[in-house]
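The residues making up each chain are set out below.
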Amino acid sequence: MSTQPALGAPAPRLGAPAIWALVLTGAASFMAALDNLVVTTALPAIRADLGGKLEDLEWTVNAYTLTFAVLLMFGSALGDRFGRRRLFIIGLGIFTASSAAAALSPGIDALIAARAVQGVGAAIMMPLTLTLLTVAVPAARRGMALGIYGAVTGLAVASGPLIGGTLTEHISWQWIFWLNVPIGLALIPLARLRLAESTAPNARLDVPGTLLISAGLFGIVYALVNANADGWTSAPVLTGLIAGTALIGAFIRHGMRAADPVLPMRLFRDRGFLGINVAGLLMFLGMFGSIFLLSQFLQGVVGYSPTEAGLRMLPWTGMPMIVAPLAGILSDRIGGRPVVAAGLAFQAIGLGWFAVVLSTDVSYAAQLPALILSGIGMALYFAPAANVLMSTVRPADQGKASGTNNALREVGGALGVAVLASVFSAQGGYETPQAFTDGTVPALWIGAVAVALAAGFALLVPRRGSGPLTGSEPVVEARKVPIAG
């Protein structure tokens, strides 16, 4: 019998298990997403305290992105096989402990190592947040719940520079890592008590596939994050790109032929799954690279302090708090495709607006429309994107789908920083405010084009009601746990 509500009947309310799942997975997702860009505004303070060359400072950002991207698929597979709640807690513990290690780092090398371990913890817990939440929320309320989850993730990504700058300026750079510790310590016991354990039916670890995708992504991401320092035609970069591409090719062939691969290539035959994943990769490419440069532009060219720069970006970073809940409700009524596509279009227009108005003496009023458009676009994208993704796959494939989506977005982020920074270096530099502006403007155009292409791929998602996931399907095998208290 279908579990969908009868026509005209009110949708079921979120019960306590669903609310707890939303709070816990949202908080964990916020921490993991925040650490993508929280370090960027703290780099001058870290260099003054720990020393290190420019390449070392770049690795404080890239070490996290690298391990996060290459291990996401493995983290998702472990959760499907051994229990998503169990692995979520393990990943949360690794992330929390490595955050403390980063704050206590005596030198730049120790900080880079701690950041790499942080990425390992995030790679284990992040893809499991989405499947744990999907298990706990009734199908009729899934759009709203996943909309809130997506808004929290988007807010974390965009507010990284603000939070990092504020803590660095008013306390110390170590507190961008100490912030994670009390949150992680509170989430671990709550997750044990309040989340239901779940697994994928008959899940098995695909060791060959996991090794192929991890090594392939490592080669490509390593090449991307080192391209600016070593040059795109250097031996390490070319080796990473060629070897990584070959390994991913082998992974694709494995996914077509293996009996139970970590990522069945059949999923990409669904145009919705293909569209939302490529759109996510391109969205993060354009957004990550643009935020990386704009946060520096506001400080290095306009002359704002880290906190002042973050505050002036609030129309962009804070907009998800206002728009995303409405976008989630809207996606429940008209479907996620038009909302996601519109959001990406707004984001592309916002980045293009920045490219048009940017100059060494640009006023804040001239930037404000671009900030507002970008904020609305980010909220409209992040709110329904998770629900759109989950609606394109069968329940048994949700863990693999989540891991794939997160991995592609992280690769997109690394690619965005590498490509836009390369354009910036080729067209300008750090020598003068004019040189910085000359490099930033063409890089922002590249970001705008990437997000516009993402909007086109989002239109591949089928119209509402044509996805394979229905409320009558068993989501996953789940073992309920008592709710303490």
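Residues numbered from 1 in each chain as written. Predicted model: local features only at pLDDT ≥ 70, side-chain atom pairs only at ≥ 80, totals over all residues. Heavy atoms only, no water.

**Description of the overall build of the protein**
Along its length, the protein carries 18 helices and 2 strands. Looking at the protein as a whole, 57% of its 485 residues are labelled buried. Long-range pairs, those at least 24 residues apart, make up 85% of the contacts in the protein between residues at least 6 apart in sequence. Within the structure as shown, the protein displays about 18,300 Å² of accessible surface, and the carbon and sulfur contribution to it stands at 67%. (Helix = DSSP H or I, 4+ residues; strand = E, 2+ residues; numbered from the N terminus. Buried < 20%, exposed > 50% of the residue type's maximum accessible area, 1.4 Å probe, protein only. Contact = heavy atoms within 4.5 Å. Areas by Shrake-Rupley, 256 points an atom, 1.4 Å probe, with all protein chains shown as cover.)

**Things to note about the packing of aromatic side chains**
Enumeration according to the criterion identifies 5 aromatic pairs in this entry. Ring geometry for Phe268 and Phe273: centres 4.9 Å apart, planes at 75°, overall edge-to-face. Residue Phe273 is classed as buried on the basis of its relative accessible area of 0%. Considering the side-chain rings of Phe297 and Phe436, the 6.4 Å spacing of their centres and the 40° angle between planes classify their relative orientation as tilted. One end of the pair, Phe297, is in helix α11 (residues 271-300); the other, Phe436, is in helix α18 (residues 433-458), with 139 residues separating them in the sequence. (Phe/Tyr/Trp six-rings, centres within 6.5 Å; stacked < 30°, edge-to-face > 60°.)

**A few points about the environment of Leu205**
Tracing the sequence through the fold places Leu205 in the loop between β1 (197-199) and α9 (207-230). Taking C-alpha positions, Leu205 is 6.3 Å from Ala77, a pair spaced 128 residues apart along the chain. With residues up to four places along the chain from it excluded, the contact list for Leu205 reads Ala77, Leu78, Arg81 and Phe82.

**What to know about a nonpolar patch on the surface**
Together, Phe74, Phe82, Leu205, Val207 and Leu211 give the surface a local cluster of nonpolar side chains, amounting to about 420 Å² of exposed area. Taken together, the elements giving at least two residues each to the nonpolar patch come down to α3 (54-82) and α9. One can find Val207 in helix α9. (Patch = residues over 30% accessible without salt bridge, like charges linked within 9 Å, V, L, I, M, F, W, Y side chains within 5 Å. Salt bridge = Lys/Arg side-chain N within 4 Å of Asp/Glu carboxyl O.)

**Quick word on the nonpolar core**
Grouped together as the largest cluster of nonpolar side chains are 126 residues, with contacts concentrated most on Phe88, Trp316 and Leu344. Looking at this core, the element that brings in the most residues is α11, giving 15 residues. Other than its neighbours up to four places away in sequence, Trp316 contacts Met287, Ile291, Leu294, Gln347, Leu351, Phe354, Leu371, Ser374, Gly375 and Met378. (Core = buried A, V, L, I, M, F, W, Y, C linked by side-chain atoms within 4.5 Å.)

**Here we look at the side chain of Gln118**
By the secondary structure assignment, Gln118 is in helix α5 (residues 108-136). If we ignore the near neighbours within four places in the chain, the residues touching Gln118 are Asp35, Tyr64, Phe95, Ser98, Ser99, Phe177 and Asn180.

**Observations concerning helix α2 (residues 43-50)**
Turning to α2, its buried residues number three or more, namely Leu43, Ile46 and Leu50. Summarising the axial view, the buried residues of α2 lie within an arc of 60°, below the 170-degree limit, and thus occupy one face. Residues of α2 that are exposed and angled more than 90 degrees away from the buried face: Pro44 and Ala48. Looking at the residues trailing α2, positive phi occurs at Gly51, about 75°. (Arc of directions from axis to C-beta.)

**Re the packing of helix α1 (residues 16-34) against helix α8 (residues 180-194)**
Orientation of α1 relative to α8, taken along the N-to-C sense of each, is 150°, at an axis distance of 10 Å. For the element pair α1 and α8, the recorded crossing hand is left-handed. The segment α1 lies against α8, with Trp20, Leu24, Ala27, Ala28 and Met31 engaging Asn180, Ile183, Gly184, Leu187, Leu190, Ala191 and Arg194. In terms of residue class, the contact of α1 with α8 is built from 9 nonpolar, 2 polar and 1 charged. (Axes fitted to C-alpha atoms, helices over the stretch in contact; angles between N-to-C directions. Left-handed = near helix turned anticlockwise from the far one by under 90°. Nonpolar A, V, L, I, M, F, W, Y, C, P; charged D, E, K, R; others polar.)

**Observations concerning the packing of helix α4 (residues 84-103) against α8**
Contact geometry of α4 with α8 gives a least axis separation of 9 Å together with a crossing angle of 165°. One finds that α4 runs roughly antiparallel with respect to α8. In terms of crossing hand, the pair formed by α4 and α8 is left-handed. Contacts between α4 and α8 involve Arg85, Phe88, Ile89, Leu92, Gly93, Phe95, Thr96, Ser99 and Ala100 from the first element and Asn180, Val181, Gly184, Leu185, Leu187, Ile188, Ala191 and Arg192 from the second. Its residues assigned to classes, the contact of α4 with α8 comprises 10 nonpolar, 5 polar and 2 charged. (Parallel < 35°, antiparallel > 145°, perpendicular 65-115°, else oblique.)

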